[in-house]
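Here is how the chains run, residue by residue.
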Protein chains: 2
Amino acid sequence: MGGSRIGEQGDGVLRLTKKADYGLMALKYLAEHPDSVSVSAKDIADTYGIPPQLLAKVLQRLTKVGLLRSHAGMNGGYALSRQAQQISAFEVIHAIDGPLFITSCTKGSKSCDLEPNCTIKEPLARVNESIAGVLKSISVYDLVDADTAAARGQDGLVTLLHSQAV
Amino acid sequence: MGGSRIGEQGDGVLRLTKKADYGLMALKYLAEHPDSVSVSAKDIADTYGIPPQLLAKVLQRLTKVGLLRSHAGMNGGYALSRQAQQISAFEVIHAIDGPLFITSCTKGSKSCDLEPNCTIKEPLARVNESIAGVLKSISVYDLVDADTAAARGQDGLVTLLHSQAV
DNA sequence: TGAAGTGCGACAAATTTAGTCCTATACTGA
DNA sequence: TCAGTATAGGACTAAATTTGTCGCACTTCA
Ligand code: SF4
Ligand code: SF4
């Protein structure tokens, strides 16, 4: 195992995929340009230097899930289907990369084969919920207005913690 | 892109590595057997069906970082170097998989090339801190006594949120 | 009708993770 | 003192995932 050499590790565990990253950037861009009726994938890709075809797929997925409205043809493109405040980072990531599970088990298609005698599955599920909570408390709007994000995130998280078991 | 087919996604984003999983299981096991002076990697691996050599590496890393004490030779093995309550999930994951960064950038070896004109880097760094906070509030002891984990986790998180910006 | 879009499946490349092998070294006890 | 058991760790292979590309069908509009 390459990464097994004791002195060093490949940095960035629990990493978001690039696609999720791209999706968030695109949504932020759309939130910042409410004037434009619709923006094409290519426009956004060019602005940030993202591979256009890849971003297109991401936006297609976000459209399919209902976070975006799309319009084909000339001057076509995408637009937010809701207010930026109403779209959470969790929804975006979920739409792009699927359900957020920190473990390989957790009722998905392929569960790990040592699930039967695994003893940390349950506690980790709780941790998973906490992390999901953090992501749910962040909206696309928070990405735009970074200064208010801290306050909103904090409030959101605290109320979340008070209303459900962690 | 295989995973790009619109209808489905590879499930489990933000996933922990197996190695981190193994490490947590092993630490839990050690916490549950304080009677034993030391437990060998093979013993733990056999109990859970983990590849022994791989677990050995994980335990070696945990030892190097000071979370475990090791002892070679017959009847040798590993033991916790601190109380289970004093070892956070964050430390374990950090030791095994390196710094926890949800983004590819964040001052590590290789930052993503669209960092200059990326606008979501800053907000995501905050999210990253929140997630790290969740992991820091969970101890190995919480994995053992799952019932108290909820309470402890909640307290830990709330106080964390009150003491630092999210 | 043709240029500019989206929608989507298949494919290839790159990267990361998982797991194995092999050797060296340390300790233990008969 | 020597055989056996265990940690320490580097090198390597294999599997899985992520990332990116192509090609084509379909839509819209000037
Ligand atoms: S069953 Fe246990 S080891 Fe397997 S993925 Fe779930 S938590 Fe990790
Ligand atoms: S896109 Fe932005 S946030 Fe994501 S890794 Fe690159 S610089 Fe960091």
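Residues numbered from 1 in each chain as written. Chains lettered and ligands numbered in written order. Predicted model: local features only at pLDDT ≥ 70, side-chain atom pairs only at ≥ 80, totals over all residues. Heavy atoms only, no water.

Colleague: Please clarify how the site of ligand 1 should be interpreted in this entry.
Modeller: Taken together, Thr103, Ser104, Cys105, Cys112, Leu114, Glu115, Cys118 and Lys121 of chain A together with Asp21 and Met25 of chain B are the residues near ligand 1. Per-site note: the chains with residues close to ligand 1 are chains A and B. Counted by class, the shell around ligand 1 contains five nonpolar, two polar and three charged residues. (Near = heavy atom within 4 Å. Nonpolar A, V, L, I, M, F, W, Y, C, P; charged D, E, K, R; others polar.)

Colleague: Is there a simple way to explain the environment of glycine 98 of chain A in this structure?
Modeller: All names here are of chain A. In this fold, glycine 98 is placed in the loop between α4 (89-97) and α5 (121-136). Under the relative-accessibility criterion, glycine 98 is labelled buried at 1%. Remark: the alpha-carbon pair of glycine 98 and threonine 47, spanning 51 residues in sequence, is separated by 26 Å. (Helix = DSSP H or I, 4+ residues; strand = E, 2+ residues; numbered from the N terminus. Buried < 20%, exposed > 50% of the residue type's maximum accessible area, 1.4 Å probe, protein only.)

Colleague: Looking at this structure, I do not really get the pattern of salt bridges. What am I missing?
Modeller: A side chain with one charge can pair with a side chain of the opposite charge if their charged atoms come near. This model, assessed by the stated rule, comprises ten salt bridges over all chains. Of the charged contacts in the structure, one is a salt bridge between lysine 28 of chain A and glutamate 32 of chain A, with a shortest N-O distance of 3.7 Å. Of the two residues, lysine 28 of chain A and glutamate 32 of chain A both sit in helix α1 (residues 18-32), four residues apart, roughly one turn of that helix. Since its relative accessible area comes to 6%, lysine 28 of chain A is described here as buried. Taking the relative accessible area as the measure of exposure, glutamate 32 of chain A reaches 33% and is therefore partly exposed. Salt-bridge contacts for glutamate 91 of chain B lead to arginine 82 of chain B; the nearest nitrogen and oxygen are separated by 2.8 Å. (Salt bridge = Lys/Arg side-chain N within 4 Å of Asp/Glu carboxyl O.)

Colleague: I tried to follow unusual backbone geometry on my own but got confused; where do I start?
Modeller: Most peptide bonds adopt trans geometry, and most residues besides glycine take a negative phi value. Residues other than glycine seldom take positive phi values, yet asparagine 75 of chain A does so here, at roughly 60°. One non-glycine residue, leucine 14 of chain B, adopts positive backbone phi at about 60°. With respect to the helices, strands and loops of the structure, leucine 14 of chain B is situated in the segment before α1 (18-32).

Colleague: What should I look at first to understand helix α3 (residues 52-64) of chain B in this one?
Modeller: Since the α-helix packs 3.6 residues into each turn, any two residues three or four apart lie on the same face. Residues and elements named next belong to chain B. Taking 1.5 Å as the rise per residue, α3 with 13 residues should run 18 Å; its terminal C-alpha atoms sit 18 Å apart, in good agreement. If you check which residues of α3 are buried, you get Leu55, Ala56, Val58, Leu59, Arg61, Leu62 and Thr63. For α3, the secondary structure elements touched by its buried residues are α1, α2 (41-48), β1 (68-71), β2 (77-80) and α4 (89-97). At the exit of α3 stands glycine 66, carrying a positive phi of roughly 95°. (Expected span 1.5 Å × (residues − 1). Contact = heavy atoms within 4.5 Å.)

Colleague: Where do I start with the pairing of strand β2 (residues 77-80) of chain A in this structure?
Modeller: Each regular strand carries side chains that alternate between the two faces of the sheet. Residue and element names in this part refer to chain A. Because side chains alternate across β2, one face comprises the buried residues Gly77 and Ala79, and the other comprises Tyr78 and Leu80, equally buried. Bridge count for strand β1 (residues 68-71) against β2 is four bridges, and the pairing is antiparallel. Bridging from a neighbouring strand, histidine 71 pairs with glycine 77 of β2. (Pairing = 2+ DSSP bridges.)

Colleague: Just to check I follow, could you spell out the site of ligand 2 for this structure?
Modeller: Taken together, the residues surrounding ligand 2 are Asp21 and Met25 of chain A together with Thr103, Ser104, Cys105, Cys112, Leu114, Glu115, Cys118 and Lys121 of chain B. Looking at the shell around ligand 2 residue by residue, the class counts come to five nonpolar, two polar and three charged.

Colleague: Would you mind going over the side chain of threonine 63 of chain A with me for this structure?
Modeller: All names here are of chain A. Counting through the fold element by element, threonine 63 comes out in helix α3 (residues 52-64). Separated by 2.7 Å, the side chain of threonine 63 and the backbone oxygen of leucine 59 make a polar contact. Sequence-distant contacts of threonine 63, defined by excluding residues within four places in its chain, comprise Leu68, Ser70 and Tyr78. (Polar contact = N/O pair within 3.5 Å; in protein donor to acceptor, adjacent residues only side chain to side chain.)

Colleague: Would you mind going over the nonpolar core with me for this structure?
Modeller: Soluble globular proteins: nonpolar side chains tend toward being buried together. Leu62 of chain A together with Leu62 of chain B are the most contacted members of the largest nonpolar core, which has 100 residues in total. The leading source of residues in this core is α1 of chain A, at nine residues. If sequence neighbours within four positions are ignored, leucine 62 of chain B has contacts with Gly23, Leu27, Leu67, Leu68, Val92, Ala95 and Ile96 of chain B. (Core = buried A, V, L, I, M, F, W, Y, C linked by side-chain atoms within 4.5 Å.)

Colleague: What is the right way to look at the packing of α3 of chain B against α4 of chain B in this model?
Modeller: Residue and element names in this part refer to chain B. At a minimum axis separation of 9 Å, α3 and α4 run at an interaxial angle of 115°. As summarised for this structure, α3 and α4 are arranged roughly perpendicular, according to the angle between their axes. Once α3 is placed against α4, the crossing between them reads as right-handed. Between α3, through Val58, Arg61 and Leu62, and α4, the contact on the second element is made entirely by Val92, Ala95 and Ile96. Residues that form the contact of α3 with α4 fall into these classes: five nonpolar, no polar and one charged. (Axes fitted to C-alpha atoms, helices over the stretch in contact; angles between N-to-C directions. Parallel < 35°, antiparallel > 145°, perpendicular 65-115°, else oblique. Left-handed = near helix turned anticlockwise from the far one by under 90°.)

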